[in-house]
Amino acid sequence: MKRLAELKQAGHKAFVAYIMAGDGGIKKLGEQIQYLQERGVTAIEVGIPFSDPVADGPTIEAAGNRALDEGITLEKVLDEMQRFDFEVKVPLVIMTYLNPVIRFGAERFTQEAKKAGASGVIIPDLPFEHRQLIEPFAKQQELVLIQLVTLTTIDSRLEEILKEAQGFVYAVTVTGITGSRDELAEEVGAFTRKVRELSPVPVYAGFGISKESHVDMLRDDVDGFIVGSAIVQAFHEGRIEDIEPLIDAVTAPHSV
Amino acid sequence: MTRVKICGLMEEQHVKAASQADAIGFVFAPSKRRVSIERAQELSRLANNDMQRIGVFVNASYEEIEKAVKAVPLTMVQLHGDEPDELIQRIEVPVIQAFSIRTPDDVEKLNNSIADYILVDAPGTDYRGGSGHVFDWSLLENVNLDHSRLILAGGLNRDNVRAAISQTAPFMVDVSSGVETDGRKDEAKIQQFILQAKGDSMERTQEKTIDPVGFFGRYGGQFVPETLMKAVKELEAAYEDAKNDDEFQKEYHHYLSEYVGREQPLTFAARMTEAWGGPKIYLKREDLNHTGAHKVNNAIGQALLAQRMGKRKIVAETGAGQHGVATATICALFDLDCVVFMGEEDIKRQQLNVFRMKLLGARVESVTKGSGTLKDAVNEALRYWVTNVEDTHYLIGSALGPHPFPTMVRDFQSVIGKETKRQILDKEGRLPDAIVACVGGGSNAIGMFHPFVDDEKVRLIGAEAAGEGVDTERHAATLTKGSEGVLHGAMMKILQDDAGQVQEAHSISAGLDYPGIGPEHAHLADNGRVTYEAITDDEALASVIEMSRLEGIIPALESAHAIAQAKKQAQSMTADELLVICVSGRGDKDMATYAEKLEGLS
């Protein structure tokens, strides 16, 4: 995770890819991670499928359902990650809803996630108020619990969340669920600028990022971009090379 | 506070009775209490997540122990044989090493143990692993011993545990035969033992139903995506404000009386009383409400609150359609925009209600995901709310969801129980002996029960849906078969698999077809104040016929579960007792199901 701060120092933008673990079978997980790190992404979010993903739009929900049909569980994903026979060169972050973690056991989850080589955890339905359910265990394993902030997060709360932010901050750029969109709202730029001023760690924009035009619009106001649905769909349809221009648009040196 | 371990569990109901303990033990060594790994796994699923699961072994191999640790999974291992230190070191989870204490010299051995905890017991008689005999606790006094790793066992029971704790100040007390009757665990003894061991501190937590952050015991909370936190907090503040505002309460009660038609009678059911041959049966007539069920009590309250917050758009989910109809009705009354999400399976089952909602001007969105029932409708309503949160209120229909919903829905539905209390006192001069209500998410039941929770003599019984049977895959019996989990914004009890995926529920009744139970019910189940029983589809249908013919009241399928349970309850009650049934709704909406299922009925 230190790498992310260094990247920001150097003035480069980060590209964080989200994948649904086990979409297409558990063996795809390693292949996809290898592909993405070779293509120069900064970090990878490994999504865990859940039966009731209320923060997700149709693309990620469908991918999750395909993974569930393959019998994918949190445990299987962590086991598979522990068996990787290639060098993982980028930070891996587990993104999961809370219930599978509770069921697995919070402490056991953080231990196994650490063994699996993860650097952090994102739990979209675990609000800042209830973070003590996971955070003490995460700390023991030196995993960071990444916080989300959104367009509806009020200022006093934003300050409170950012004060304790570690790793990076996930700035949700839409009022809604995950999924590709044509346009982002005008107010997003002002929001990410505000978050970036307050945040001690890099600020990455996510939810709805699928086009180079989104990147152009927010480039100066964030430290990086998180792309989920567009990548998940491209892997599913076997045309991941279509995403390469988007990765390049973010990571290539850019003169302003 | 001293922790409590209940050891040697073999049956489901005993694991549940131990829900307030800190640890449960499974014996894998030869013993009359021995269980297989598979059995321990099944039992373990019924325990709370933070319950320690301890496996008891005598001279087992490392491989055997590890296999059980992984499979159950166990969080601690307890060793009663002559296990070498190398074995203890290899075990990944914390280890408890057991010692038999006869003389002061035996106490010295304790300090040499490399295990994380030491368990002291009287010397065994039949087999190793504890005899149930009391040893002389005074041996543990005045010796150099780290009491924070001490686990006390051997001959403890509800009568002596308090004295044992005060004498030895152990980390944990361990009981097995002391909570048995005739060689079998006894639920009452288990609970009494825990109560004695934990003393007043537990009574306090039981009384305190809710704390400021929206928990009922361990259940509740606000587990929603960050986008919704602002709306949830605003709602919390707005409700707090409205609750204490006389004008708001006046307006709410005005609509209850002038529009809904309250108060509803508490009808004496003379023919059911006679037919069942037990207690006097009274029916709380929520079926007489405008729109046909109790749901409207809550819809009015929340719609008034939404307007107070300046929100004129409403989204709701519905199962049977009763909440959808109530919401659509109130939105028509107050001229609010209304979107209702409903599973496609439920749309098929409840076409009449779909038509009613449309007639009332609501938009009904069909949900095709998952099983196309209530759970999936809640998911879609939540997604819609996340996207439209700034101008939309989510009018949730049951005592579910993030705080303040469970409290707020309960308060709006408490009119049921408050009226019942007043009415039964008028008619009988005393409180009822038992009250039965059906539970899906649990709103009519919590509204009925809440005003009686402190009246300890009144037995409260919830009837949940057993579908085709709790031993089949097709049921919605969350309290009988479920376990702790987070769904739809709250920690509650849910039906889930080992990986934490929420399972699909099944009930003939669309309103009970939900794989979760509200947080307050989960809490009341844990502390034993309310008991919950499961009623099958067939039992519910039989009750529809029975009540229709005996009383001329055709109940909703949901309510029929309460009636079926009441009939069972009546068997063990006497003629001088009083039994109240909450008839949560009328059966008009279920006519198509009745016509199909009851065909050929004479």
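The following paragraphs examine the structure supplied in this document. Remember, it's a predicted structure, so these values are computed and weren't measured experimentally.

Thoughts on the overall build of chain A
Stage number 1. A count of helical and extended segments in chain A gives 12 helices and 8 strands.
Stage number 2. Against the 2.2 N^0.38 benchmark of 18 Å for 256 residues, chain A shows a C-alpha radius of gyration of 17 Å, consistent with a compact globule.
Stage number 3. When its C-alpha atoms are laid out on the principal axes, chain A stretches across 45 × 40 × 30 Å.
Stage number 4. Across the 256 residues that make up chain A, the buried fraction comes to 61%.
Stage number 5. If you take every contact in chain A between residues at least 6 apart in sequence, the share linking residues at least 24 apart comes to 76%.
Stage number 6. Accessible surface for chain A amounts to roughly 9,900 Å². Of this, 47% is attributable to carbon and sulfur atoms.
Stage number 7. Taken as two groups, the 26 positive and 40 negative side-chain charges of chain A have centres that lie 4 Å from each other.

So, the packing of aromatic side chains
Aromatic ring pairs are described here by two measures, namely the spacing of the ring centres and the angle between the planes.
Residue and element names in this part refer to chain B.
Stage number 1. A full pass over the atoms with the stated rule returns 16 aromatic pairs over all chains.
Stage number 2. Judged by centre distance (5.4 Å) and plane angle (50°), the rings of Phe268 and Tyr282 are tilted. Taken together, the residues Phe268 in strand β13 (residues 266–268) and Tyr282 in strand β14 (residues 280–285) connect sequence positions 14 residues apart.
Stage number 3. Taking relative accessible area as the criterion, Tyr282 reaches 4% and is therefore assigned buried.
Stage number 4. Centroid distance Trp385 to Phe405: 6.1 Å. Interplanar angle 70°. Geometry classified as edge-to-face. Here Trp385 is found in helix α16 (residues 374–387), whereas its partner Phe405 is found in helix α17 (residues 405–428), with 20 residues between them in sequence.

What about the interface of chain A and chain B?
Stage number 1. Taken together, the contact pairs 36 residues of chain A with 38 residues of chain B.
Stage number 2. Across the chain A/chain B interface, buried area totals approximately 3,000 Å², and carbon plus sulfur atoms make up 53% of it.
Stage number 3. Joining chain A to chain B, the criterion identifies 5 salt bridges.
Stage number 4. Here Asp52 of chain A makes a salt bridge to Lys375 of chain B, at a shortest N to O gap of 2.9 Å.
Stage number 5. Taken together, the links from chain A to chain B amount to 19 residue pairs in polar contact (both at pLDDT 80 or more).
Stage number 6. Looking at the side of chain A that touches chain B, the elements with two or more residues in it are α3 (58–69), α5 (98–104), α6 (106–115), β5 (144–150) and α8 (155–163) of chain A.
Stage number 7. For the side of chain A that touches chain B, the leading source of residues is α5 of chain A, giving 5 residues.
Stage number 8. Its residues assigned to classes, the side of chain A that touches chain B shows 18 nonpolar, 9 polar and 9 charged.

About the cut-offs
- For every chain, the first residue of the written sequence is number 1, and numbering continues from 1 onward in sequence order.
- As a convention, the first chain written is A and the first ligand written is 1, with the rest following in written order.
- Reporting of local features is limited, given that this is a predicted model, to residues whose pLDDT is at least 70; pairs of side-chain atoms are given and counted only at 80 or more, and all residues count toward the totals for whole chains, interfaces and linings.
- Water and hydrogen atoms were dropped before computing side-chain values, which therefore reflect all heavy atoms in the structure.
- Helix and strand definitions follow DSSP, with helices as H or I runs of at least four residues and strands as E runs of at least two, each counted in order from the N terminus.
- Here the globule rule reads 2.2 Å times residues to the power 0.38, and the radius of gyration is calculated from C-alpha atoms.
- Relative accessibility thresholds used throughout: buried, under 20% of the residue-type maximum; exposed, over 50%; partly exposed, between the two (1.4 Å probe, protein chains only).
- Throughout, a contact is declared for two residues whenever any of their heavy atoms are within 4.5 Å.
- Accessible surface is estimated by sampling points in the Shrake-Rupley manner with a 1.4 Å probe; for residues, cover comes only from the protein chains shown.
- When charges are counted, Lys and Arg contribute as positive and Asp and Glu as negative, whereas His and the chain ends are disregarded.
- Charge placement uses NZ in Lys and CZ in Arg. For Asp and Glu, CG and CD serve respectively.
- Centres within 6.5 Å are what make two rings of Phe, Tyr or Trp a pair, Trp counting through its six-membered ring; a difference in plane orientation under 30 degrees is then read as stacked, over 60 as edge-to-face, and the rest as tilted.
- Defined in terms of a 1.4 Å probe, buried area is the accessible area two parts forfeit on being brought together, summed over both.
- When a carboxyl oxygen of Asp or Glu lies within 4 Å of a side-chain nitrogen of Lys or Arg, that pair is called a salt bridge.
- Polar contact is defined as a pair of N or O atoms within 3.5 Å, subject to the rule that within protein one atom must be able to donate a hydrogen and the other to accept it, and that residues adjacent in sequence are counted only when both atoms are side-chain atoms.
- Polar here means any residue other than Ala, Val, Leu, Ile, Met, Phe, Trp, Tyr, Cys and Pro, which are nonpolar, and Asp, Glu, Lys and Arg, which are charged; Gly is therefore polar.

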